[in-house]
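One letter stands for each residue in the lines below.
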Amino acid sequence: MRRKVLVVGAVVVAIVLALVWKLHGGSASDDDARAGAAGRSGSASQLAGGRSRDGKRTPSAPASLSGRVTRKSDGAPIAGANVSLARAELGAMFMPADEPTKLVTTDASGAWSVPALPPGTYTVAATAIGFLPGSQDKVVAQAGEKQTVDLALVAGGTLVSGTVNDVGGGPIGGARVTMTRSDAVFENRGQLVALTGPDGKYQITLADGGYHATASHEDYTSNGRSIELSGKPLAVDFVLAPGGQIRGQVVSRDGQPVPNAVIRAASRSRMRDDTPDGLADDTGNFTLKGMPSGAIALTAYGRGFATKSPTVVELGIGEQVDGVRIVVDRAFSITGRVVEKGAPDKGVPGVQLGAFSMGSQAFAQALDPSADDGSFEIIGVQPASYMLFAVGETVVPEIGKPVEVVDHDVKDVIVEMTAGVTLAGRVEPGAVTVVSLEMPKGSIGIANMFDAVKTMMVRGHSDETGAFELRHVPPGTFSVVASAPDGRKGKLAVTVAAADQKGLVVKLEPRSSVSGRVVDANGAPVVGVNVNLRPAHDEPMEMVSFSMSGFGGGAITGADGSFREVGLDAGKYRVTVSDDQGRLAWARRDNKDEKVNLELAPGAETKDVVLTVEARDGVIRGVVVGPDKKPVADAWVTPEIDREKPDMRDAGDAIDFMRGDRQPVLTDSDGKFAITKLRRATYKLEVEGPRGASRGEKSGVKTGDSVTIVLEPLGTLSGRVTLGGSPVTSYDLTCGSDHERITSKDGTYTLERLDPGELTCNVSADTGSASGSVKIASGAAKLDFQLVPWAKLSGTIVSAISGQPIAGLVVVAGVDGGFGGSGFEDLMSGKGPTSDAAGKFTVDRVPSGKGHLAVMSKQQSFQPLASREYTVAAGQRLDLGTIKVVPPRTGEAGTLGFATTVNDGKLEVSSVKPGGPAEQAGIAVGDRVLSIDGRSIADLGIETAQLAISSGNVSVGQTVALALDRKGATVAASLVAIKW
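Everything in this summary refers to the structure shown in the same document. Just so it is clear, the model here is predicted, and its values are computed rather than measured.

1. Brief notes about the nonpolar core
No. 1: Within the largest apolar cluster, 24 residues are counted, with the highest numbers of intra-cluster contacts made by Ile334, Ile378 and Val415.
No. 2: If you list the elements that add at least two residues to this core, you get strand 27 (332-340), strand 29 (352-356), strand 30 (363-366), strand 31 (375-381), strand 32 (384-391), strand 33 (398-405) and strand 34 (410-417).
No. 3: When residues no more than four places from it in sequence are discounted, the contact partners of Val415 are Arg337, Val338, Val339, Leu353, Phe376, Leu388, Ala390, Glu398 and Lys401.

2. Observations concerning unusual backbone geometry
Leaving glycine aside, a negative phi is the common case for residues, and trans is the common case for peptide bonds.
No. 1: Look at the link from Glu428 to Pro429: it is a cis peptide, with omega at -10°.
No. 2: For Pro429, the location among the structural elements is in the loop between strand 35 (421-428) and strand 36 (433-438).
No. 3: Of note, the phi angle at His472 is positive, near 60°, even though the residue is not glycine.
No. 4: As for its position among the elements, His472 is in strand 38 (residues 467-473).
No. 5: For Arg753, which is not a glycine, the phi torsion comes out positive at approximately 55°.
No. 6: For Arg753, the location among the structural elements is in strand 62 (residues 748-754).
No. 7: The buried category is assigned to Arg753, whose relative accessible area is 19%.

3. Quick notes on the state of the cysteines
No. 1: The tally for this structure, following the rule as stated, stands at one disulfide.
No. 2: Between Cys735 and Cys761 runs a disulfide, and the two sulfur atoms are separated by 2.1 Å. In this structure, the disulfide formed by Cys735 and Cys761 twists by about 115° around the S-S bond and is classed as right-handed. With a gap of 26 residues between them, Cys735 in strand 60 (residues 730-735) and Cys761 in strand 63 (residues 757-765) connect regions that are remote in the sequence.

4. Examining the sheet that holds strand 45 (residues 562-568)
No. 1: Ordered in space as 45-42-49, the three strands form an open sheet in which the pairing is mixed. Only two strands of the sheet have a single partner each, and these edge strands are strand 45 and strand 49 (605-613). The mean inter-strand angle of the sheet, taken between neighbouring strand axes irrespective of direction, is 25°.
No. 2: As judged from the seven bridges shared by strand 42 (residues 512-520) and strand 49, these two strands associate in the parallel manner. When the sheet's bridge partners are listed, Val514 is paired in strand 49 with Thr606.

5. Some details on the pattern of salt bridges
No. 1: Evaluation of the coordinates by the stated rule reveals 30 salt bridges.
No. 2: Of the charged contacts in the structure, one is a salt bridge between Arg247 and Asp322, with a shortest N-O distance of 3.7 Å. Here Arg247 is found in strand 19 (residues 244-252), whereas its partner Asp322 is found in strand 26 (residues 320-330), with 75 residues between them in sequence.
No. 3: A salt bridge links Arg691 to Glu319; the nearest nitrogen and oxygen atoms lie 3.0 Å apart. Here the residue Arg691 occupies a position in the loop between strand 54 (682-688) and strand 55 (694-702), and Glu319 occupies one in the loop between strand 25 (311-315) and strand 26, the gap between them amounting to 372 residues.
No. 4: Counted as one network, the salt bridges with shared partners bring together Asp579, Glu614, Arg616 and Arg679.

6. Focus on the environment of Asp617
No. 1: Tracing the chain through its elements places Asp617 in the loop between strand 49 and strand 50 (618-625).
No. 2: Among the residues examined, Asp617 registers a relative accessible area of 35% and is labelled partly exposed.
No. 3: Note: C-alpha distance between Asp617 and Thr703 (86 residues apart in sequence) is 8.9 Å.
No. 4: Setting aside anything within four residues of it in sequence, one finds Asp617 in contact with Asn522, Leu678 and Arg680.

7. A word on the environment of Asn82
No. 1: Within the secondary structure, Asn82 is located in strand 4 (residues 82-87).
No. 2: Its relative accessible area of 14% is what places Asn82 among the buried residues.
No. 3: Spatially, the C-alpha atoms of Asn82 and Val69 are 9.4 Å apart, while their sequence positions differ by 13 residues.
No. 4: Only 3.4 Å separates the side chain of Asn82 from the side chain of Thr105, close enough to count as a polar contact.
No. 5: At 3.3 Å, the side chain of Asn82 and the backbone oxygen of Val193 are in polar contact.

8. Some words on the packing of aromatic side chains
No. 1: Counted under the stated rule, the structure contains four aromatic pairs.
No. 2: Ring centres of Tyr202 and Phe238 lie 6.5 Å apart, and the angle between their planes is 45°; this geometry places the pair in the tilted category. With Tyr202 in strand 14 (residues 201-206) and Phe238 in strand 18 (residues 238-240), the pair connects residues that are 36 residues apart, well separated along the chain. The residues Tyr202 and Phe238 share a single accessibility class, namely buried.
No. 3: Of the aromatic side chains, those joined through ring pairs into one cluster are Phe356, Phe363 and Phe389.
No. 4: Looking at Arg181, its charged tip hangs above the ring of Tyr211, at a distance of 5.0 Å from the centre.
No. 5: When the ring centre of Phe238 is taken as origin, the NZ or CZ atom of Arg225, which lies over that ring, is 5.0 Å away.

9. Thoughts on the side chain of Asn953
No. 1: Along the chain, Asn953 turns up in the loop between helix 8 (942-948) and strand 78 (954-955).
No. 2: The class of Asn953 is buried, set by a relative accessible area of 10%.
No. 3: In this structure the side chain of Asn953 is engaged in a polar contact, spanning 3.0 Å, whose partner is the side chain of Ser950.
No. 4: In contact with Asn953, other than residues within four places in its own chain, are Gln863, Arg889 and Leu947.

10. Observations regarding the sheet that holds strand 71 (residues 866-872)
No. 1: What the three strands build is an open sheet, ordered 68-70-71; its pairing is antiparallel. What marks the edges here is a single partner per strand, and that holds for strand 68 (810-814) and strand 71. Taking each pair of neighbouring strands and ignoring which way they run, the sheet shows an average axis angle of 20°.
No. 2: Across five bridges, strand 68 lies against strand 70 (residues 849-856) in antiparallel orientation. Bridging across to strand 70, Val811 finds its partner in Val855.

11. Structural notes on the pairing of strand 8 (residues 134-141)
On a regular strand, each side chain points to the face opposite its neighbour's, so the side chains alternate between the two faces of the sheet.
No. 1: Bridging between strand 7 (residues 120-127) and strand 8 involves six bridges; their strand directions are antiparallel. Counted as the bridge partner of Thr121 is Val140 from strand 8.
No. 2: Counted between consecutive antiparallel strands, the loop separating strand 7 from strand 8 contains six residues, among which Gly130 sits at a positive phi close to 90°.

12. A word on the pairing of strand 25
No. 1: Because side chains alternate across strand 25, one face comprises the buried residues Thr311, Val313 and Leu315, and the other comprises Val312 and Glu314, none of which is buried.
No. 2: When strand 23 (residues 294-302) meets strand 25, the two strands line up antiparallel, connected through five bridges. Counted as the bridge partner of Leu298 is Thr311 from strand 25.

13. Description of the side chain of Arg176
No. 1: Along the chain, Arg176 falls in strand 12 (residues 176-181).
No. 2: Looking at Arg176, the relative accessible area reads 16%, which means it is buried.
No. 3: A polar contact of 2.7 Å, which involves the side chain of Arg176, links it to the backbone oxygen of Thr101.

Criteria and cut-off values
Residues numbered from 1 in each chain as written. Predicted model: local features only at pLDDT ≥ 70, side-chain atom pairs only at ≥ 80, totals over all residues. Heavy atoms only, no water. Core = buried A, V, L, I, M, F, W, Y, C linked by side-chain atoms within 4.5 Å. Buried < 20%, exposed > 50% of the residue type's maximum accessible area, 1.4 Å probe, protein only. Helix = DSSP H or I, 4+ residues; strand = E, 2+ residues; numbered from the N terminus. Contact = heavy atoms within 4.5 Å. Disulfide = S-S within 2.5 Å. Pairing = 2+ DSSP bridges. Axes fitted to C-alpha atoms, helices over the stretch in contact; angles between N-to-C directions. Salt bridge = Lys/Arg side-chain N within 4 Å of Asp/Glu carboxyl O. Polar contact = N/O pair within 3.5 Å; in protein donor to acceptor, adjacent residues only side chain to side chain. Phe/Tyr/Trp six-rings, centres within 6.5 Å; stacked < 30°, edge-to-face > 60°. Lys NZ or Arg CZ within 6 Å of the ring centre and 35° of its normal.

Encoded structure:
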């Protein structure tokens, strides 16, 4: 159970990070820039107009921007520079773009001009061959005003070049290749753009570092990848598939047009999800361009309306489909005001709001930022339990306010926001650095995950003199972290309350670094893979660093397979190499569990490290045929490595396992395909037929094989949900990865376009739950559900050390590592079950059958303090008795400097941190722990004992007395925990 909850924790982190990534635009191309209305220097109406209550836009006078691009050394003009104007306000990243990022080219005098520009806040960036890019952030273009932005570029940079080709062969002229810095996840630092010529070739000069590169064209689907520049020219080619178009209208159930609705498009394919969204006009008409082939599920929402069942369009490669109708039904609104915390009469304008439901997967948002009085309206809300999010330019983000929508509008919701504080100071010695905040290790748990997200969004930069400012900092205890490009790093502990702080000094210190090359078993360089170093002594829940000075970690290999990882602490590290399908095996195939470890000296660089991984030179060939055994052209074939879920030791394993599969390949006119550059492994091949109308699959395929895959039509599943013979009229139905909220007077449901194969479904309603499995084949299948009442669990939580009850601990019940009926929102919003002053708890809405219960701290990671297996009958109230836990620490997270593992039923020291308390006390790998503070391991229980001494569970300054068995001799050790 412990490891299952660790996996759940990793997934929770991934969900929240993915949400924030989505809300902030991620690494999307310029064509995916979101059009919004909030700006730092004016209200929504001043910048971009707004919407009247009938949903129609009120136009604003266009703005005008112009300027010159010159050479900084002598002021000479730079002709042919590409100047991009990308929307930069936070609100701009929530809405589909009315038009892509503006791109203009300088003339012979270096001049550029955009005479008609939608009002808003922009980042203006310029690139030119032979020069480092330049940019100016947060340029506010007011309605009807003209503004000048001049940029002076410095000579230098590294050349990136390549070709953008059609998937069927042939160059694509006029495509955009957009580069965004990898370290700019929560910043708008400009889009660096190159255009392809008629031959499909492009060139761009960039500063060294990591980038996300995206190729796009309005007539094609986009494609992207991560790259790393380190002073050597890099060739990056792209292959794009022709994009389709969908034209249609959003209408109400009675056929009336719905103006200005937001259209969401989602690929039903398991292989791709690069579907751009869109906006309907005043007559409800819309056009979606650049759509991938396959089955596209279209939904829409507007004021008072939202889609209940998506409209599915089967789209061929490059095909145009007209006359599509997206039908919307009655939906609700969430209205209220954004106000300053402590000042309920003072509204906060320019805040973008939305609502998301992790249980029902519903999402809705306000079409416009909050008005001058702070009022807002989130429209198109379906019944569900939601959590609100609110972000603005001048306030600390708010995430997680719970709102329940049942059968009517929800009004008078108050969202309190604060401007936060400003932290100002300097980095010594003066240098340009990325400045961010980091929460203390072991301080993040279920109850404060959204606080961690707020912290991640606070970022800044020091200038050449080292001066920096961090604005809109939330209260709490943090480290201000300054990271220099050369790997030097500094940290300063701060406690943030209500007052601004000035004069902070962050001292840069040399850190360890590693450089080398990744080659395959044939000696060839391996390009574009991720080299990651994780401390070897980390505890299982040392999952993800919440410092955004380098989220995700690792280094991408360059054109010659070289890599360099900087800014590391001294110590022992475990090294892994991963591609888009997860972790690569080392070349020594006789030992697949072989580990590569490095020990880094303080402030020194470990050079010339050669990492040899398995070769990726395998090929799988085959042909795709239909039920009539005739070859099928234009089918997408995707390889997926056949593998079991790993034994999760840390989040790195979880993240590697959750990486996306590689891009699919397309069958030719004879139905043939060839998948190249594969690692030598066993694969499952998944095939999507033309227009997404059929599926095929073949497992156990090895590199070198030649296979035939037969497509099968999609199936349909229908059924009825009852309780005691009566229909259940409202319930949640989850089948595989699909989730739907069903409302039906007779309890019936119908699911269409289902993949052939075994399908497991779960039903959850207020009155009970049910599950079942069914075989899906071409044609119709049926699966009825008879709900059984929810069970209840109860128990008492006490300290394993003192026996006293412990209050305020979170209790999680679920099946197969998942959450129970209480729902994800309950846990995240603090409404889930907790222990009371007597240590007692009750968990309602527990599915019948076997399950697992975990007891967790609210603010100390996702690592369970204790777990319990159970079997419960329908409607039963089962008392689990007394559950003993290691009490949560009372102070700052500490470490004793060693980690343990269970070996042959004994608690054994598995690693010792250099310089830590354990090493100083003489503890060595292989020592076996006999007792903790006089309590034997047998008395405590081995899992409880392991948690009691693990990093993050002990407090700084806590003294722990150990008795150990060392090669048959009993030795004693007294350790004082230090900061983790």
